[in-house]
Amino acid sequence: MLIKRPDDIKSSEITPESVYLNRRKFIGKGVAIGAVAAAGVAVPWALRSQPGSDAGESMGSQDELTSFEHVSTYNNFYEFGTRKSDPAENAHTLRPRPWAVRVDGEVAKPGDYDLDDLLHGVTMEDRIYRMRCVEAWSMVIPWVGFPLSTLINRFEPTSKARYVEFETLYDVEQMPGQRRAVLPWPYVEGLRMDEAMHPLAIFATGLYGRDLPNQNGAPFRLVVPWKYGFKGIKSIVRIRFTETQPRNTWQVSAPNEYGFYANVNPEVDHPRWSQAKERRIPGLFRNTPTLMFNGYADQVGHLYEGMDLRRNF
Ligand SMILES: Nc1nc2c(c(=O)[nH]1)N[C@H]1C(S)=C(S)[C@@H](COP(=O)(O)O)O[C@H]1N2
Ligand SMILES: [Mo]
């Protein structure tokens, strides 16, 4: 195949955790971006584009990266169990290659694609994003990925495509947690088309410069940094373009607690707890103020102008 294989990326572009941490220190100390760039250190796009506002600065001091250890051992992936430690212990049964992806619905180029064929010619980017879970914990993760729009444009959605729906693998041999009906399987998520086409929405294939650990959603998963963690569907096997709004898994299982939009919003509480502050893993206290749209308001706020975000939660 003519593919730039994820293995190649892995061997040639690994950045050790220490380099990421140093890079973060540079930026934290306020070294001019130009100086960092001149020193040959790539500055992640998400940090470069942070607003120079209060939000950007106050986040700056708190935005230490979450260690690889924590990112890969404190997970939500119910297909492997419901405890945070379960995915790291159980996800070794997942086989991320070969990996087929079905593309269907309102699209000119439907088909069953091999993931490596889809990734051919795609440029991987380093992107550091905050991730904020609805249960009020958060992490800061250096993802490896690329904008959803890169693939979506290739599939040529029709004019009827208003939403895009994603589905996780359903296979009880590889995902033994699916033997229990803790959620309706397979896991499903969706985005409005303009959300999906926003450059901050990415497909991640890795983190910390390596391939995604199985427990983080290998071989590829969604990362939508201005939304709660549950929108970040893992181990995707299907991408479907639709006219009507998809019904996402958590909304189906608890509609009063989880909506379709799931935009991070400190002013709209979850029925069982406040969303105003978050616990930055591995911290013990919920003492980090949560920002509107997870701190990405300048970039994504316009997508929701005129919408009542209390109703569209
Ligand atoms: N297929 C699938 N995707 C999923 C989940 C899941 O249970 N199954 N959990 C979601 C939730 S609630 C969160 S917070 C994130 C966690 O991603 P991480 O483990 O990489 O931090 O994955 C999301 N994607
Ligand atoms: Mo979550």
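Just above sits the structure.
About the cut-offs
- Just so you know, the residues in each chain are numbered from 1, in the order the chain's sequence is written.
- Naming scheme: in the order in which they are written, chains are lettered from A and ligands are numbered from 1.
- A pLDDT threshold of at least 70 governs which residues receive local features in this predicted model, and a stricter bar of 80 or more applies before side-chain atom pairs are shown or counted, although totals over entire chains, interfaces and linings include all residues.
- For the side-chain quantities, the full set of heavy atoms in the structure was used; hydrogens and water were omitted.
- We call a residue near a molecule or strand whenever a single non-hydrogen atom of that residue lies within 4 Å of it.
- We define a polar contact as two N or O atoms separated by no more than 3.5 Å, with the added condition that, inside protein, one atom must be a possible hydrogen donor and the other a possible acceptor, whereas residues neighbouring each other in sequence contribute only through side-chain atom pairs.
- Areas reported here follow the Shrake-Rupley algorithm with a probe of radius 1.4 Å; residue values treat only the protein chains shown as occluding.
- The classification used treats Ala, Val, Leu, Ile, Met, Phe, Trp, Tyr, Cys and Pro as nonpolar, Asp, Glu, Lys and Arg as charged, and all other residues, Gly among them, as polar.
- Buried residues are those whose accessible area, probed at 1.4 Å on protein chains only, stays under 20% of the maximum for their type, while exposed residues exceed 50% and partly exposed ones sit between those limits.
- Numbering of helices and strands starts at the N terminus; helices are DSSP runs of H or I of at least 4 residues and strands are runs of E of at least 2.
- Note on pairing: two strands pair once DSSP finds at least 2 bridges between them.

Looking now at the site of ligand 1. Taken together, the neighbourhood of ligand 1 is formed by 16 residues, with Asn 75, Tyr 78, Glu 79, Gly 232 and Lys 234 sitting nearest. Asn 216 has a polar side-chain atom sitting 2.9 Å from an oxygen atom of ligand 1. Compared with its free state, where it exposes 540 Å², ligand 1 has 99% of that area covered by protein. Split into classes, the residues belonging to the shell around ligand 1 amount to 7 nonpolar, 6 polar and 3 charged.

Next up on the list: the pairing of strand S11 (residues 277–280). Residues Glu 278 and Arg 280 of S11 are buried on one face, while the alternating residues Lys 277 and Arg 279, pointing to the opposite face, are not. Here 2 bridges tie strand S4 (residues 137–147) to S11, and the two strands are oriented parallel to one another. Bridge pairing links Trp 137 to Arg 279 in S11. Where S11 meets strand S12 (residues 286–289), 3 bridges bridge the pair, whose relative direction is antiparallel. Paired with Lys 277 across the two strands is Pro 289, which belongs to S12. Hairpin connection from S11 to S12: 5 residues lie between these consecutive antiparallel strands.

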